[in-house]
Amino acid sequence: MKRAFMLAALALLAACGEKTPPSGPGPAPEPTPAPADAAADVATCAADEGHCCMPDGTVVVPGGCQPHFPDGVQPNVERADDGTCREIPCQLRCLPAEARIATPRGEVAVSALRPGDAIWTVDAAGARVEGRVVRVASLPVVAAHAIVEHTLADGRVVRASAGHPDAAGGTVGALAVGQALDGSSITATRVVPYTGTHTWDVLPDGPTGRYWSDGVLLGSTLVP
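Note that the structure is a prediction, hence the values are computed from the model and not measured. (Residues numbered from 1 in each chain as written. Predicted model: local features only at pLDDT ≥ 70, side-chain atom pairs only at ≥ 80, totals over all residues. Heavy atoms only, no water.)

1. Observations regarding the overall build of the protein
Then, number 1: On a plain count of helices and strands, the protein comes out with two helices and 17 strands.
Then, number 2: Counting only residues that meet the buried cut, the protein has 35% of its 224 residues in that class.
Then, number 3: In the protein, the proportion of contacts linking residues at least 24 apart, taken out of those at least 6 apart, comes to 55%.
Then, number 4: Taken as a whole, the protein presents about 13,000 Å² of accessible surface, with 59% of it coming from carbon and sulfur. (Helix = DSSP H or I, 4+ residues; strand = E, 2+ residues; numbered from the N terminus. Buried < 20%, exposed > 50% of the residue type's maximum accessible area, 1.4 Å probe, protein only. Contact = heavy atoms within 4.5 Å. Areas by Shrake-Rupley, 256 points an atom, 1.4 Å probe, with all protein chains shown as cover.)

2. Structural notes on unusual backbone geometry
Then, number 1: Positive phi values are uncommon outside glycine, yet D182 reaches one of about 50°.
Then, number 2: For D182, the position within the fold is in the loop between β13 (180-181) and β14 (184-193).
Then, number 3: Classification of D182 by relative accessible area gives partly exposed; the value is 28%.
Then, number 4: Backbone geometry at D214 places phi at a positive 55°, although glycine is not the residue there.

3. Looking at the side chain of S184
Then, number 1: Its place among the elements puts S184 in strand β14.
Then, number 2: Separated by 3.5 Å, the side chain of S184 and the backbone nitrogen of D154 make a polar contact.
Then, number 3: Setting aside anything within four residues of it in sequence, one finds S184 in contact with L152, A153, D154, R156 and Q179. (Polar contact = N/O pair within 3.5 Å; in protein donor to acceptor, adjacent residues only side chain to side chain.)

4. Focus: the pattern of salt bridges
Then, number 1: One pass over the full model with this rule turns up nine salt bridges.
Then, number 2: Connected through salt bridges with shared partners, the residues E98, R159 and D214 form a single ionic network. (Salt bridge = Lys/Arg side-chain N within 4 Å of Asp/Glu carboxyl O.)

5. Notes on the nonpolar core
Then, number 1: Counting residues in hydrophobic clusters, the biggest one holds 21 residues, and the most contacted among them are L95, I101, V110 and L181.
Then, number 2: Broken down by secondary-structure element, the contributors of at least two residues to this core are β11 (146-152), β12 (157-160), β15 (198-204) and β17 (216-218).
Then, number 3: Apart from residues no more than four positions distant in its own chain, V110 is found in contact with L95, P96, A97, A99, I101, W200, D201 and V202.
Then, number 4: Of all hydrophobic cores here, the second largest spans six residues; its members include A102, A167, W212 and L217. (Core = buried A, V, L, I, M, F, W, Y, C linked by side-chain atoms within 4.5 Å.)

6. A look at the environment of E130
Then, number 1: Secondary-structure assignment places E130 in strand β10 (residues 128-140).
Then, number 2: Sequence spacing of E130 and G206 is 76 residues, and the spatial spacing of their C-alpha atoms is 9.5 Å.

7. Let's talk about the sheet that holds strand β6 (residues 95-96)
Then, number 1: The strand order across the open sheet built from four strands is β6-β15-β10-β9, with neighbouring strands paired in antiparallel fashion. A strand with exactly one partner marks an edge of an open sheet, and here the two such strands are β6 and β9 (118-122).
Then, number 2: Looking at chain direction, β9 and β10 are connected through five bridges and run antiparallel. Across the sheet, the residue bridging to V122 is R128, located in β10. (Pairing = 2+ DSSP bridges.)

8. Brief notes about the packing of aromatic side chains
Then, number 1: All told, the structure shown has zero aromatic pairs when counted by the stated rule.
Then, number 2: The cationic tip of R128 hangs over the ring face of W120; the distance from NZ or CZ to the ring centre is 4.0 Å. (Phe/Tyr/Trp six-rings, centres within 6.5 Å; stacked < 30°, edge-to-face > 60°. Lys NZ or Arg CZ within 6 Å of the ring centre and 35° of its normal.)

9. Some remarks on the state of the cysteines
Then, number 1: According to the stated counting rule, one finds one disulfide in the structure shown.
Then, number 2: Disulfide pairing is shown between C52 and C85; the S-S distance is 2.0 Å. Here C52 and C85 share a disulfide; its torsion about the S-S bond, 95°, makes the bridge right-handed. One end of the pair, C52, is in strand β1 (residues 52-53); the other, C85, is in strand β5 (residues 85-87), with 33 residues separating them in the sequence. Accessibility assignment for this pair places C52 and C85 in one class, buried. (Disulfide = S-S within 2.5 Å.)

This is how it looks when you write it as structure tokens:
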């Protein structure tokens, strides 16, 4: 009888290990995930006018090209007509590699700065103070790109991508002849091709993120 009991117990354990669902009422088995198929995910993704579908099917808010990207926004994409996310080149917000940044040791090319370097910035009251570079970023130029060049009445000439922020909350590309810029006025403006391989930006520490480029106070695209 002991042998018969052991055989019955083994049969019960074998039945618990089977993958076929038990007969009769009970919860349905969990479906087996289908193999990932990026094309199928996008084809079945429904995104409204304010969203788009990434290649893996994730629905995101397209960010386009901005000076900086808020949380929850997908950088450097726009919504295509079919609702998918289309990548777009965004070199429209930085500085040319040779832009001269004001530092306590003199003007330094933005491409030569490194985190920890001393840099002039402004505090919350607008006074010039010494700060430290906390971030340096560069973007490869993957398409034809141009920069805006503004000549000021006092002789300064500032160069930046059209979308780069000025110190007043606008952008360099939105400024025109006759408008004010950093205590002077713009006397001439032109757009010139940029032949560099990368565009650059830096972020100083402190509350404003502002710095002087080519002698003109600008904002940073890297401000969170």
